[in-house]
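Residue-level structure breakdown
Chain by chain, the residues:
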Amino acid sequence: MAPLRVLCIHGYRQNSVSFREKTGSLRKLLKKHVELVYLSAPHSVQQGNSEDAPEKEKNSEPGPRDDEDPKGWWFSDIQARSFSAQQQCEESLGLNESVSVVREAVKVQGPFDGILGFSQGAAFVAMLVSLQEQKIEPEFSFRFAILVAGFRSACKEHQRFYRAPLQIPSLHVFGLEDRVIPDIMSRDLLPSFTDPQVLTHPGGHFVPAGSAHRQTYQDFLKKFQ
């Protein structure tokens, strides 16, 4: 049986290399069934900007102390070119370029069975799936979505992504002790999906991949093999 191919969308201040490192346990957990393909966002993030420090990713695995070449999918503060998940804004900067990067990845490296996102990347995944279901992006044909520490964007121009509940099968994973994206923010995203599956863990802001989580991931993925 061919493994499922999943496009992986990193969090704010990460890139494809650092996110691959930080999801080593997940790759080991799923390696027989899934091939994870990592993509970098197109926008460089200024190092050490205190406004975005709260969104810095924590992880259960040792990794680089700070992500070199940090990237982001969009900025909530257009002037500062920074991002905060809780920042209310009328419009954002950079989202269209990020959609183009995903479209190109699907053309060149696809097809992909599913898409997985973490933190800002998970919020972006909800938007990408919405574009797919609105038939705005004909290249996209994701059959499932996994959103880890996801949230609903607080930016006014993004509300178009949440008008109708998304039909795609989805697994929503979040930590009950997450200080970066509190679990209530992840729960706020659930009504945007039809019949969302939920996996909670007692930890913080990382992609959980312990033996306790294996069955949930495998049961969800089995439906698409």
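Structure first, text after, so check above.
Rules and cut-offs
- Residues numbered from 1 in each chain as written.
- Predicted model: local features only at pLDDT ≥ 70, side-chain atom pairs only at ≥ 80, totals over all residues.
- Heavy atoms only, no water.
- Helix = DSSP H or I, 4+ residues; strand = E, 2+ residues; numbered from the N terminus.
- Buried < 20%, exposed > 50% of the residue type's maximum accessible area, 1.4 Å probe, protein only.
- Pairing = 2+ DSSP bridges.
- Right-handed = clockwise from strand over helix to strand, strands pointing away.
- Axes fitted to C-alpha atoms, helices over the stretch in contact; angles between N-to-C directions.
- Contact = heavy atoms within 4.5 Å.

A cis amide bond, omega 5°, links Gly110 with the succeeding residue Pro111. Within the secondary structure layout, Pro111 lies in the loop between helix 3 (95–109) and strand 5 (114–118). If you check the backbone angles, Arg13 has positive phi at about 75° while not being a glycine. The topology assignment puts Arg13 in the loop between strand 1 (4–9) and helix 1 (16–22).

Before going further, it helps to examine the pairing of strand 6 (residues 144–148). Across the five residues of strand 6, five count as buried, placing the element largely inside the fold. Covered by surrounding structure in strand 6 are Phe144, Ile146 and Val148 together with Ala145 and Leu147, the residues of both alternating faces. Bridge analysis of strand 5 against strand 6 gives five bridges, and the strand direction is parallel. Residue pairing in the sheet places Gly114 in a bridge with Phe144 of strand 6. In this view, the connection linking strand 5 to its parallel neighbour strand 6 by way of helix 4 (residues 120–133) has right-handed handedness.

As summarised here, the arrangement of the six strands in space is 2-1-5-6-7-8, forming an open sheet in which the pairing is parallel. The two strands at the open ends of the sheet, each matched to only one other strand, are strand 2 (34–39) and strand 8 (197–201). Sheet twist, expressed as the mean angle between neighbouring strand axes with direction ignored, is 20°. Here strand 6 runs beside strand 7 (residues 170–175); their pairing, made up of four bridges, is parallel. Counterpart to Ala145 in the pairing with strand 7 is Ser170. Contacting strand 1 and strand 2, helix 3 runs over the sheet at an angle of about 135° to strand 2.

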